Amino acid sequence: MAPSFSKIAIIGAGVSGIAAAKQLAHHEPIVFEASDSIGGVWSHCSYGSTRLQSARRDYEFSDFPWPDREDSGFPSHLEVLDYLTSYARHFDVLKRVRFNSKVVELRFFGSGGEGEMASLGARPGEYGSLLSGRPVWEVAVQTNNSENIQLYAFDFVVVCIGKYGDVPIIPVFPEKKGPEIFEGQVLHTIDYCKLDKDAASDLLKDKKVAVIGYKKSAIDLALECAQANQGPEGKPCTMVVRTLHWTVPHYWVWGLPFFLFYSTRSSQFLHERPNQNFLKVLLCSLFSPLVKQAVSKFIESYLLHKLPLEKYGLKPDHPFVEDYASCQMAIMPENFFSEADKGKIEFKRSSKWWFWEKGIEFDDNSKIEADVVVLATGYDGKKKLKAIMPEPFRSLLEYPSGLMPLYRGTIHPLIPNMGFVGYVESVSNLHSSELRSIWLARLVDDKFKLPGVAKMLERTLKEVEVMKRTTRFYKRNCISTYSINHSDEICEEMGWTAWRKKTWLSEAFSPYGSQDYLN
């Protein structure tokens, strides 16, 4: 049976998927969502205590402000879900979504090899039109977990399955030192997210729990564990910390708003960014290192004053700017260290660990007992993507830098008729996804042309080199230290004015947000 043919497919109905669906609505895209709801990680990878790490006004679509956007508190994951659902309903996106429809495979109709671009009518060295007027990708979809696979054909596919959720990273252990010898229970945070409130409480209450990790999901889980173990029968939760990262209590530093240091045009001018002219490169090389170090030390001094990081051995050895530049700065929950002070949260620094029958053993020969071990070890977004991509494109996802080269964070120069939204991180991933969806929609509509393939690859490699020089954690593909410059280039390519503020003063010293890009 021949597959049904439509113009555009969008895979995933998380934040990026609904943003892309809204911008491409005039093409009547079909959105395939594997679950029964929109929202992505906000729906399927959140705990009861999970909250947004920014204020409402910093996490909103340009044309759909929060109803209570002046509230400075951090919304719960349920409030975020409600906002996303309201957005999807307001712009009639839900009618495009096919729920419980999991994309299990993609197949390219092109000729393969060096003829890929030519097969789509592009001249040598060019990317070609995104809508060729004929089927280019075949999408295999499994509905409601049935054994039947339905085939669809599309001109263009937008991948919005994201880097988080679905495929957990499970540590590899030496022989006979893995979870199979452990007498307790082992689960990943993706499993914990599926538990309701009572089941989660039963899992943690009066249990010796070890949480592996020290990023946001691990920190939130440790606090939930401590809160479930109040009273004389309660047991402490042990966080096994492999790599330390800076955490912040709120967005103020010595009485100054945090955005002044990294989120204004003037502050980002001090940071290296791709495609700078010679004068900017010279200024950055002369002044940037000293200023960046001073700013980082200034922020670190406040964090060490405000949080008992040294008391608990949680002060990172690397500068704060490296965590900010890799989008790994986490907001510390308000009561976290008060629970540590009560002995309900304990910390164990170790880079290597494995199981023994009663718990966990470390490379310093120490041991801890545990009833439950929760792996807050993250997700393998690349593995999730490679599972559906065909060759030779699957191989293109493996790059020497460890990063997928995406022009404007959206187009892989060597993968025809496909876009990616949600694979670039910034201070506000929602804003990043929306602006790139706007850019992608205008590109689909032939409002502008892409540079040649070689030029796009050159630009992506320059971005990778900047990330490498800025932080040791560069593989997260984060643009937080030059996000405004990145947006400038996108605006210029679309024919928009890059500088979006009304006055020079606000242009220099006010933070940029999604409202600035309402066109």
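These numbers come from a predicted model, not from an experiment.

S.K.: Would you mind showing me how to read the packing of aromatic side chains here?
M.R.: For any pair of aromatic rings, the description consists of the separation of the ring centres together with the inter-plane angle of the planes. Applying the stated criterion across every chain, the model contains 38 aromatic pairs. Relative to Tyr59, the ring of Trp42 lies with its centre 6.1 Å away and its plane at 70°, an arrangement referred to as edge-to-face. Taken together, the residues Trp42 in helix α2 (residues 41–44) and Tyr59 in the loop between α2 and α3 (77–90) connect sequence positions 17 residues apart. The same class applies to Trp42 as to Tyr59, namely buried. Centroid distance Trp353 to Phe355: 5.4 Å. Interplanar angle 70°. Geometry classified as edge-to-face. Across the pair, Phe355 and Trp353 agree in class, each one buried.

S.K.: Would you explain unusual backbone geometry in this entry?
M.R.: In this structure, the amide linkage connecting Glu391 to the following residue, Pro392, adopts the cis form with an omega of 5°. With respect to the secondary-structure elements, Pro392 resides in the loop between α13 (381–386) and α14 (393–396). Although it is not a glycine, Cys327 sits at a positive phi angle of roughly 55°. Within the secondary structure, Cys327 sits in the loop between α11 (320–325) and β13 (330–331).

S.K.: Explanation requested: the confidence of the model for the protein chain in the structure shown.
M.R.: Close reading of the predicted structure is inappropriate where its pLDDT is low. Mean pLDDT over the protein chain: 90, with 93% of residues reaching 70 or higher. When mean pLDDT is compared element by element in the protein chain, strand β2 (residues 30–32) scores highest at 98, while helix α4 (residues 116–119) scores lowest at 42. Contacts of residues 112–119 to residues separated by more than four positions or lying in other chains number 16 contacts, the stretch itself having pLDDT below 50.

S.K.: What is the right way to look at the pattern of salt bridges in this model?
M.R.: Pairing between side chains of opposite charge can happen when the charged atoms of each approach one another. Counting across every chain of the model gives 26 salt bridges. One salt bridge in this structure joins Arg472 and Glu322, with 2.8 Å as the shortest N-O distance. Within this pair, whereas Arg472 is found in the loop between α16 (453–470) and α17 (483–494), its partner Glu322 is found in helix α11, the two being separated by 150 residues in sequence.

S.K.: Where do I start with the domain arrangement of the protein chain in this structure?
M.R.: By a widely used convention, the size of an interface equals the accessible area lost when the partners come together. With domains assigned, the protein chain is organised as domain 1 (4–165 + 380–481) and domain 2 (179–249 + 307–375). Here the C-alpha centre of domain 2 lies 32 Å away from the C-alpha centre of domain 1. If you look at the interface, domain 1 gives 21 residues, while domain 2 gives 24 residues. For the pair domain 1 and domain 2, the summed buried surface comes to about 1,800 Å²; carbon and sulfur atoms form 59% of the total. Applying the counting criterion to the domain 1 and domain 2 interface returns 1 salt bridge. In this structure, the connection of domain 1 to domain 2 is made through 6 residue pairs in polar contact (both at pLDDT 80 or more). Residues of the side of domain 1 that touches domain 2, tallied by class, amount to 6 nonpolar, 12 polar and 3 charged.

S.K.: For this particular structure, what's the right way to read the pairing of strand β16 (residues 359–362)?
M.R.: A regular strand places its side chains so that they alternate between the two faces of the sheet. Note that strand β15 (residues 353–356) and β16 share 4 bridges and pair antiparallel. From the neighbouring strand, Phe355 faces β16, where its bridge partner is Ile360. Here β15 hands over to β16 after 2 residues, the two strands then running antiparallel side by side. Note: β16 against strand β17 (residues 367–369), 3 bridges, orientation antiparallel. If you follow Glu361 over to β17, its bridge partner there is Lys367. Two successive antiparallel strands, β16 and β17, enclose a turn made up of 4 residues, where Asn365 displays a positive phi of approximately 70°.

S.K.: Just checking my understanding: could you explain the environment of Leu130 for this structure?
M.R.: Relative to the elements of secondary structure, Leu130 occurs in the loop between α4 and β5 (137–143). Not counting chain neighbours up to four residues away, the residues in contact with Leu130 comprise Asp155, Phe156, Asn417, Leu440, Leu443 and Val444.

S.K.: Hey, could you run me through the nonpolar core in this one?
M.R.: A general trend in soluble globular proteins is that nonpolar side chains are found buried together. With 53 residues, the main nonpolar core has Met239, Phe320, Phe336 and Phe337 as its most contacted residues. Broken down by element, this core gets its largest block of residues, 8 residues, from helix α7 (residues 216–228). Those residues in contact with Phe336 that lie beyond four places of it in its chain are Ile219, Ala222, Leu223, Met239, Ile345 and Phe347. Val31, Val80, Val97 and Phe156 belong to the second-largest nonpolar core, a separate cluster that totals 52 residues.

S.K.: Would you mind going over the packing of helix α15 (residues 429–444) against α17 with me for this structure?
M.R.: Pairs of packed helices are described in terms of their axes, by the angle between the two and the distance that separates them. Running from N to C, α15 and α17 point in directions that differ by 20°, and their axes come no closer than 10 Å. When the axis of α15 is compared with that of α17, the two are roughly parallel. Like other packed secondary-structure pairs, α15 and α17 cross with a definite hand, here left-handed. Two secondary-structure elements touch here, α15 through His431, Leu435, Arg436, Ile438, Trp439 and Arg442 and α17 through His486, Ser487, Ile490, Glu493 and Met494. For the contact of α15 with α17, the residue count by class is 5 nonpolar, 3 polar and 3 charged.

Calculation notes
Residues numbered from 1 in each chain as written. Predicted model: local features only at pLDDT ≥ 70, side-chain atom pairs only at ≥ 80, totals over all residues. Heavy atoms only, no water. Phe/Tyr/Trp six-rings, centres within 6.5 Å; stacked < 30°, edge-to-face > 60°. Helix = DSSP H or I, 4+ residues; strand = E, 2+ residues; numbered from the N terminus. Buried < 20%, exposed > 50% of the residue type's maximum accessible area, 1.4 Å probe, protein only. pLDDT = per-residue confidence, 0-100. Contact = heavy atoms within 4.5 Å. Salt bridge = Lys/Arg side-chain N within 4 Å of Asp/Glu carboxyl O. Domains from an automatic or database assignment. Buried area = accessible area lost by both parts, 1.4 Å probe. Polar contact = N/O pair within 3.5 Å; in protein donor to acceptor, adjacent residues only side chain to side chain. Nonpolar A, V, L, I, M, F, W, Y, C, P; charged D, E, K, R; others polar. Pairing = 2+ DSSP bridges. Core = buried A, V, L, I, M, F, W, Y, C linked by side-chain atoms within 4.5 Å. Axes fitted to C-alpha atoms, helices over the stretch in contact; angles between N-to-C directions. Parallel < 35°, antiparallel > 145°, perpendicular 65-115°, else oblique. Left-handed = near helix turned anticlockwise from the far one by under 90°.

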